[in-house]
Amino acid sequence: MATAFLDETARELFTRAKVARITQDSSMQSYDAKVRQRISVRAGIGKAGPERLAYRGETAARVQWQRNVGARIQVTGTRMVLPILGVPKVEKDAIQDIADDNEMIPIPYFPGSETLWIGGSVARTEVDDNGIVNPLATGAEAYYTYQTGDSVQLRLPDGKVVRLRELAVRPRTPKGNLAVGSLWFDVATGQLVRAAYRLAAATPNAMSAVPNDSATRSAKIAAFMVNSLFAPNVGEISSIAIEYGLYQGKFWLPRLQSAEGAIRALFACVPIKYENSFTYASVNASPPLGAIQVDTSKAAADSSMTQCRNSPTRVVTQYKSDARIPTVLIIPCNDSTLMYSKDFVGSIYDDEDAIFDSKSREQLVGAALGMRAQAAFSLSNLPKPRVQVGPSMMRYNRVEGFSTGLLLEQQLGGGFASTAIARYGFSDDKPNGEIAIARTNLTRTWSLNGYSRLNAANDWGAPLSFGSSLSALLYGRDEGFYFRSSGVELQWNSTRFLRLDWRAYTEHQSRAVQNATFTVGGAFVPNIAAYRGRFTGLTTRWLKSSGNDPRGLRTFTDVRLEGAIGDSAFARGAVDFTMSHALPRKLSASLALSTGSSVGDMPIQRHWFLGGLQTIRGQNADTTQHGNAFWMTRAELSAGPSVFRSSLFGDFGWTGDRSSISRAGRPLSGVGLGFAAFDGLVRFDVSRGIHPRKQTRVDFYLNRRF
């Protein structure tokens, strides 16, 4: 299409790159490479909770490839951890399965391999819009526009100069199967040298099948109900980075590959990171490989482990990737040989690894995927809006009673999306709504919102979430302190490098009257009488996690600042610092320290409230324990593996007027016994209040701090 190329040089570079992508260089006969792979999966509950490492697997191998023969892969190392289980036997038992997994240990290059690492391992000539549309495939001009960017010259040791040119790729529409980013090519050959791109939009229905147009009405209804259950149920690929190295002055071979993304479903966020590293001992200088005869029979697969009875290694033959490359895998039988390979440097829990050159990757991604790297803005030919209903939009509290809502999100291109939320509470008989326009590059987001909504004054927990609503309905434990607000806000948040949010607002705040009384058991405490007034202010929040090993030092820091003027003027600040570390005899200790204070005339809806499972366990959250300053300590001693851990805990804290902090008197306190599963993602507590209330509480909740 004539409109695809914004300059003639872009057309020429695209044409050269498209040909080079599918051209097989017959002079590339063999190579000997060392391959490292790492896959990391994290899990977090809620927006502000810590993200825990749930899985990490690493493999190391020597890959010898020869044209018309195949590949000989000698596995030199395999290690894996499941911190949310913390059972070494399970991790060790999985080592051999990982080592001969056909999807692990990529072959760096083979004739016809996909240079962009997109849509599979084999390059396909034609566009396939059922998956991710390759911007270099035939017909891609209908989906993308192209423009040349910067140029770089590399001088080789022999004096030869290699000129690289950037080709900026922009989708015509903001769809989740289109890429946006920058591709760099060798101008002389059209070979890809480096690339940084992401998907233009989040992909809906990430955890369920999407019915096709021919599906029955019942199937479509069932799919809609499943998607609603897991809403928002979206998947994001926020960055893919690829770097090639030049060997013998003529062969561009992959050096680094990485992909980052996340799945967001119901109350959970699951970030995923995939990394490959390749180094080459020789190119076109390897000894000839013998012929590889692949035996795919079940008997051959079953006999693989029996080889270990008489040999220190076992041999597995298989066809690898869509190209069906004949491959022989040589795998050590000794698990310790794999787990403690000299190819592994440092602990598997270490995030920074020079082998994967994270610094170079971040520089490449940061330069190519800024806020300006977006699909074209358009009000026509837009994707279908995302509809969100179900548990994520339902809640129950003592103000609204049962409340449900509907969210509509429409991608507009240019990184922009419009969102509308309508909500109705059946007890207070008051509709709420929000209208927003946002711009994002999937790691940083700006949004401008107009709203009329119910707010929770709490600094801790999520009283308006589905999980908290169940406690309110079943036990009468609504630990939120609510007020209403209507106004306009400008928000910004970042998830790359650090988790940082800030919000500028001007709004009218007023009291939220309790209207609901029904609970299955227990009774609600009164709500606060919020101060009525108009405020203009700025808030910021900084979250930082460090440490992955449940047996090592892990920390979580939460810093919050706010200032406002209007019918009263105030400023407030608070910090929570949580740390945990292992002790002898399979014990671990955790400590959380929190403090905050303020200046000015702060309305009650901006006070700190203590009591309840998020602050002082064993005590109730009520209107008598609040103030414009506070301090709090939570300590815990745990025993057992991460999959199921029991603990003894004690919480102490004070809140009141800042002028009385030095003579606070006896603090709120509570002790108890807790049980946590999956490294604290699921928690059950039996607590006993000491002061001021002597009472026993039982709580079940998600995402403990420790």
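Nothing here was measured: the structure is a model prediction, and the numbers come from that model.

Asker: Just checking my understanding: could you explain unusual backbone geometry for this structure?
Answerer: A negative phi angle is the norm for most residues apart from glycine, just as the trans form is the norm for most peptide bonds. The omega torsion across H691 and P692 is 0°, close enough to zero to call that bond cis. Locating P692 in the fold gives a position in the loop between β31 (682–691) and β32 (696–702). Even without glycine at this site, W117 takes up a positive phi of about 55°. Residue position: W117 is located in the loop between α3 (95–99) and β4 (144–155). Assessed through its relative accessible area of 23%, W117 is described here as partly exposed.

Asker: Quick question: what am I supposed to make of the pairing of strand β16 (residues 401–413) here?
Answerer: The side chains of a regular strand alternate, first on one face of the sheet and then on the other. Inspection of the sheet shows strand β14 (residues 386–388) paired to β16 by three bridges, in the antiparallel sense. Across the sheet, R386 pairs through a bridge with E409, a residue of β16. The pairing of strand β15 (residues 395–397) with β16 spans three bridges and is antiparallel. Within the sheet, the bridge partner assigned to R395 lies in β16 and is S403. Where β15 folds back on β16, the antiparallel hairpin that results is connected by three residues. Pairing analysis gives ten bridges linking β16 to strand β17 (residues 416–425), with the strands arranged antiparallel. Residue pairing in the sheet places Q411 in a bridge with A417 of β17. With antiparallel pairing between neighbouring strands as the criterion, β16 and β17 make up a hairpin whose turn holds two residues, including G414 at a positive phi of roughly 65°.

Asker: Just to check I follow, could you spell out empty space enclosed by the protein for this structure?
Answerer: Vacant regions in the atomic arrangement are exposed by a probe of water-molecule size rolled over the atoms. As enumerated under the stated definition, the model contains four cavities of 30 Å³ or more in all. Roughly 70 Å³ of volume is contained in the largest cavity. In terms of lining residues, the largest cavity is bounded by A241, I242, E243, L256, Q257, S258, E275, N276, F356, R361 and L364. When contributions to the lining of the largest cavity are tallied by element, the ones reaching two or more residues are β9 (234–247), β10 (251–265), β11 (268–283) and α7 (358–368).

Asker: Hey, could you run me through helix α1 (residues 8–22) in this one?
Answerer: Look at α1: 22 Å from first C-alpha to last across 15 residues, which is about the 21 Å you get at 1.5 Å a residue. With a side-chain oxygen lying 3.2 Å from the backbone nitrogen of T9, the N-terminal cap of α1 falls on D7.

Asker: Please clarify how the side chain of R683 should be interpreted in this entry.
Answerer: With respect to the helices and strands, the residue R683 is situated in strand β31. By relative accessible area, R683 is classed as buried at 1%. At 2.9 Å, the side chain of R683 and the side chain of E636 are in polar contact. Within polar-contact distance, the side chain of R683 engages the side chain of S647 at 3.3 Å.

Asker: I'm lost on the packing of aromatic side chains in this one. Help?
Answerer: Within a pair of aromatic rings, the relevant descriptors are the distance that separates the centres and the angle that separates the planes. Applying the stated rule across the entire model yields 22 aromatic pairs. With a centroid separation of 5.3 Å and an interplanar angle of 55°, the aromatic rings of F5 and F14 are classed as tilted. When the centroid spacing of 5.8 Å and the interplanar angle of 25° are considered together, the rings of F402 and F426 count as stacked. Residue F402 is located in strand β16, and its partner F426 is located in the loop between β17 and β18 (430–440); the two are separated by 24 residues in the primary sequence. Exposure remark for F426: the relative accessible area of 53% places this residue in the exposed category. By way of ring pairs, the aromatic residues Y31, W65, Y109, Y247 and Y280 are connected into one cluster. Over the ring of F481 we find R398, and its NZ or CZ is 5.8 Å from the ring centre. Above the ring of F649, the side-chain terminus of R617 is found at 3.9 Å from the ring centroid.

Thresholds applied
Residues numbered from 1 in each chain as written. Predicted model: local features only at pLDDT ≥ 70, side-chain atom pairs only at ≥ 80, totals over all residues. Heavy atoms only, no water. Helix = DSSP H or I, 4+ residues; strand = E, 2+ residues; numbered from the N terminus. Buried < 20%, exposed > 50% of the residue type's maximum accessible area, 1.4 Å probe, protein only. Pairing = 2+ DSSP bridges. 1 Å grid on protein atoms, 1.4 Å probe; cavity = no way out; pocket = protein on both sides within 12 Å on 5 of 7 lines; lining within 4 Å. Points joined across faces, edges and corners; volume = space filled by probe spheres on them. Expected span 1.5 Å × (residues − 1). Polar contact = N/O pair within 3.5 Å; in protein donor to acceptor, adjacent residues only side chain to side chain. Phe/Tyr/Trp six-rings, centres within 6.5 Å; stacked < 30°, edge-to-face > 60°. Lys NZ or Arg CZ within 6 Å of the ring centre and 35° of its normal.

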